[in-house]
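Spelled out, the chains give:
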Amino acid sequence: MTGVSDTVIRVENLGKKYIIGHQQQGRSRYTALRDVLADGAKSVSRRILNPFAQQPLSPTKEEFWALKDVSFEIKQGDRVGIIGRNGAGKSTLLKLLSRITEPTKGRISIKGRVASLLEVGTGFHPELTGRENIYLNGAILGMSKAEIKKKFDEIVDFAEVEKFLDTPVKYYSSGMYVRLAFAVAAHLATEILIVDEVLAVGDSKFQKKCLSTMEKVTQEGKTILFVSHNMTIIEHLCNRGILLDAGRLTINSKSEEAIQVYLKNSYTVSQTVALEARTDRSGSGRIRASGIKILNQEGQEETTLRSGENYFFEVECLNYTHEVFGNVVISLDVFDEKNNRLLLLRSNFTNDVFSFEPGRKRILCELRELPLANGLYRGSIFLSHADQEILDYIEDAISINVDGGDFFGTGSYGLPSHCRILTKANWLEKFDFKNLTI
């Protein structure tokens, strides 16, 4: 049985509270000086009349607990996948563990040096070069210059930024920045590695290299905390899973069990909560997806789809502002049960962009010959104002049930357990390339 001394992270009754501001309905975008003075006078009078009473929050503000009563322990060498929906508290937890922000309540005990790779932009000084930032990060971890020098070439080789080593990192692309940040975090003398979804910035080749490195460092006894929406990676890399839901810890177990509960909850949410009422979303919110349906060619809603048939995804959006938005991009992503993206339907791929007046608007996306094999899938919605602003992103916006269908025209359903995407191919025994038409 593992002893207490093997515990490297202990979290007890952890909570993090934020005060969120809301714009009052009917009040202009800008607050006049008279409003500030009036609100201040009211606050002072309340304190004079009742100095010991707890002062109420402004009607334009409310408390939001990003994390509440979270407790767990992590042993040395554990590979922990932290999963949950948007707004579940994953990134907040990692920031607390990385000492980037302080908890509102509870305590965190950490034994060992921690390297964190969170959102792009943290961890490096933008005015310093790549070379200088490597030495700075090593010094912060308590390493001597000689110790850092031993690891230096390995870091540079892994990050593939040798040509830009003496360039300030503020000029790096996001991909270069992440490559160097990961190389520093993984190769310097740390016992605990904390990695957020930021690896998604890199290309697939770099992601594979990062995952291979994380497997290697765990064999050396390092502990990893890893946030990802890709359940295949979590299942492959992690031996434990922590599931957060609305700031609370709901599962702390083997990664397979945590993934099962997470996916079951994801399907439930998309089926039981109206899209317009969903709060687990990100983006500015100036335009939001308020509804989604799948229609057949007669315009009737379908809940069970058939492979090879033609369908329309009807997305209803609501422009909450008084402005007209041009160049709005809509994206529909379809995922399998492990959160692997199978289809990406994006309007600007085909140069289709939309203008939104204030109020509601419906957009149809036609998908011909549905290429999904029998199974249960989930779809997300992403809205952006060109490449300038994320307007709305909501995971698990819709459940997609595919049952039956004659995609190949032969009665075959394919092999859904082996491959979820269907495509037709011609098989030829005798052929002449000069006369062969494709």
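Structure's up top.
Note that this is a predicted model, so its numbers are computed, not measured. (Residues numbered from 1 in each chain as written. Predicted model: local features only at pLDDT ≥ 70, side-chain atom pairs only at ≥ 80, totals over all residues. Heavy atoms only, no water.)

Asks: Would you mind going over the overall build of the chain in detail, with residue names and values included?
Replies: Along the backbone of the chain there are eight helices and 19 strands. For the chain, the proportion of its 438 residues judged to be buried stands at 42%. Considering only contacts in the chain between residues 6 or more positions apart, those separated by 24 or more positions represent 72%. Entry remark: accessible area of the chain is about 24300 Å², with carbon and sulfur atoms responsible for 51%. (Helix = DSSP H or I, 4+ residues; strand = E, 2+ residues; numbered from the N terminus. Buried < 20%, exposed > 50% of the residue type's maximum accessible area, 1.4 Å probe, protein only. Contact = heavy atoms within 4.5 Å. Areas by Shrake-Rupley, 256 points an atom, 1.4 Å probe, with all protein chains shown as cover.)

Asks: Can you lay out the packing of helix H4 (residues 145-159) against helix H5 (residues 174-187) for me, pointing to particular residues and giving the numbers?
Replies: Across the interface, H4 lies against H5 with an axial gap of 8 Å and an inter-helix angle of 145 degrees. Note on packing geometry: the crossing formed by H4 with H5 is right-handed. Taken together, the residues of H5 that come into contact with H4 (itself represented by Lys151, Glu154, Ile155, Phe158 and Ala159) are Arg179, Leu180, Phe182, Ala183, Val184 and His187. (Axes fitted to C-alpha atoms, helices over the stretch in contact; angles between N-to-C directions. Left-handed = near helix turned anticlockwise from the far one by under 90°.)

Asks: Go over the nonpolar core, please, and point to the residues and values.
Replies: Membership of the largest hydrophobic core comes to 47 residues, with the highest contact counts inside it found for Ile83, Ile134, Leu180, Phe182, Met214 and Phe226. When contributions to this core are tallied by element, the ones reaching two or more residues are strand S5 (114-117), H4, H5, strand S6 (192-195), helix H6 (204-219), strand S7 (223-227), helix H7 (231-237) and helix H8 (255-272). Membership of the second largest hydrophobic core comes to 34 residues, among which are Ile287, Ile330, Ala373 and Ile381. (Core = buried A, V, L, I, M, F, W, Y, C linked by side-chain atoms within 4.5 Å.)

Asks: So what's going on with the pairing of strand S18 (residues 375-385)? Which residues, and what values?
Replies: Along any regular strand the residues' side chains alternate between the sheet's two faces. Counting buried residues along S18, ten of its eleven residues qualify, which places the element largely inside the surrounding structure. Relative to S18, strand S14 (residues 325-335) runs antiparallel, the two sharing eight bridges. Along S18, the bridge assignment pairs Val328 with His385. Two strands pair when backbone bridges link them, and S18 and strand S19 (residues 389-402) are joined in this way by ten bridges, in the antiparallel orientation. Bridge pairing in S19 links Gly379 to Ile398. The loop that links S18 with its antiparallel partner S19 comprises three residues; one of these, Ala386, has a positive phi angle of about 55 degrees. (Pairing = 2+ DSSP bridges.)

Asks: Give me the sheet that holds strand S11 (residues 287-295): which residues, what numbers.
Replies: Ordered by their spatial adjacency, three strands build an open sheet running S11-S13-S17, and the pairing between neighbours is antiparallel. Looking at strand neighbours, the two that pair on one side only are S11 and strand S17 (359-367), the edges of this open sheet. For this sheet, the mean angle separating the axes of adjacent strands, direction not counted, is 20 degrees. Pairing between strand S13 (residues 311-319) and S17: nine bridges, direction antiparallel. Bridging from a neighbouring strand, Asn319 pairs with Gly359 of S17.

Asks: Describe the pattern of salt bridges, naming the residues involved and giving the relevant values.
Replies: One side chain can pair with another of opposite charge once the charged atoms of both are near each other. According to the stated counting rule, one finds 24 salt bridges in the structure shown. Taking the shortest distance from any N to any O, the salt bridge between Arg85 and Asp280 comes out at 2.6 Å. Remark: Asp280 occurs in the loop between H8 and strand S10 (281-282) and Arg85 occurs in the loop between strand S3 (79-84) and helix H2 (90-97); sequence separation between them is 195 residues. Considered together, Arg85 and Asp280 belong to a single accessibility category, that of buried residues. Residue Arg286 is joined to Glu389 by a salt bridge in which the shortest nitrogen-to-oxygen separation is 2.7 Å. Of this pair, Arg286 sits in the loop between S10 and S11 while Glu389 sits in strand S19, placing them 103 residues apart in sequence. Residue classification places Glu389 among the buried residues on the basis of a relative accessible area of 18%. (Salt bridge = Lys/Arg side-chain N within 4 Å of Asp/Glu carboxyl O.)

Asks: Before we move on, can you summarise the sheet that holds S3 with the specific residues and values?
Replies: Spatially, S5-S6-S7-S3-S8-S9 is the arrangement adopted by the six strands of the open sheet, whose pairing is mixed. Of all the strands in the sheet, just S5 and strand S9 (248-254) have a single pairing partner and so form its edges. Going across the sheet, the axis of each strand differs from the next one's by a mean of 15 degrees, ignoring polarity. Two elements, S6 and S7, share four bridges in a ladder whose sense is parallel. By the bridge assignment for S7, Val195 is matched with Phe226. Sheet strands in contact with H2 are S3, S6, S7 and strand S8 (240-245), and its direction is about 140 degrees off that of S3. Lying over the sheet, H6 contacts S3, S6 and S7, oriented at roughly 150 degrees with respect to S7.

Asks: Could you give an account of the side chain of Ser255, naming the residues involved and the relevant values?
Replies: Within the secondary structure, Ser255 is located in helix H8. Apart from residues lying up to four places away in sequence, Ser255 is in contact with Ile234, Glu235, Cys238, Asn239, Arg240 and Gly241.

Asks: Residues and numbers for unusual backbone geometry, please.
Replies: Here Ala246, not a glycine, exhibits a phi torsion of approximately 50 degrees, which is positive. Counting through the fold element by element, Ala246 comes out in the loop between S8 and S9.

Asks: Residues and numbers for empty space enclosed by the protein, please.
Replies: Scanning all chains against the criterion turns up one cavity of 30 Å³ or more. What the largest cavity holds in volume is close to 30 Å³. Along the walls of the largest cavity sit Ile292, Phe313, Leu332, Asp333, Val334, Gly379, Ser380, Ile398 and Ile400, which together make up its complete lining. Tallying contributions element by element places S14 first for the lining of the largest cavity, with three residues. Among the residues forming the lining of the largest cavity, the class breakdown is six nonpolar, two polar and one charged. (1 Å grid on protein atoms, 1.4 Å probe; cavity = no way out; pocket = protein on both sides within 12 Å on 5 of 7 lines; lining within 4 Å. Points joined across faces, edges and corners; volume = space filled by probe spheres on them. Nonpolar A, V, L, I, M, F, W, Y, C, P; charged D, E, K, R; others polar.)

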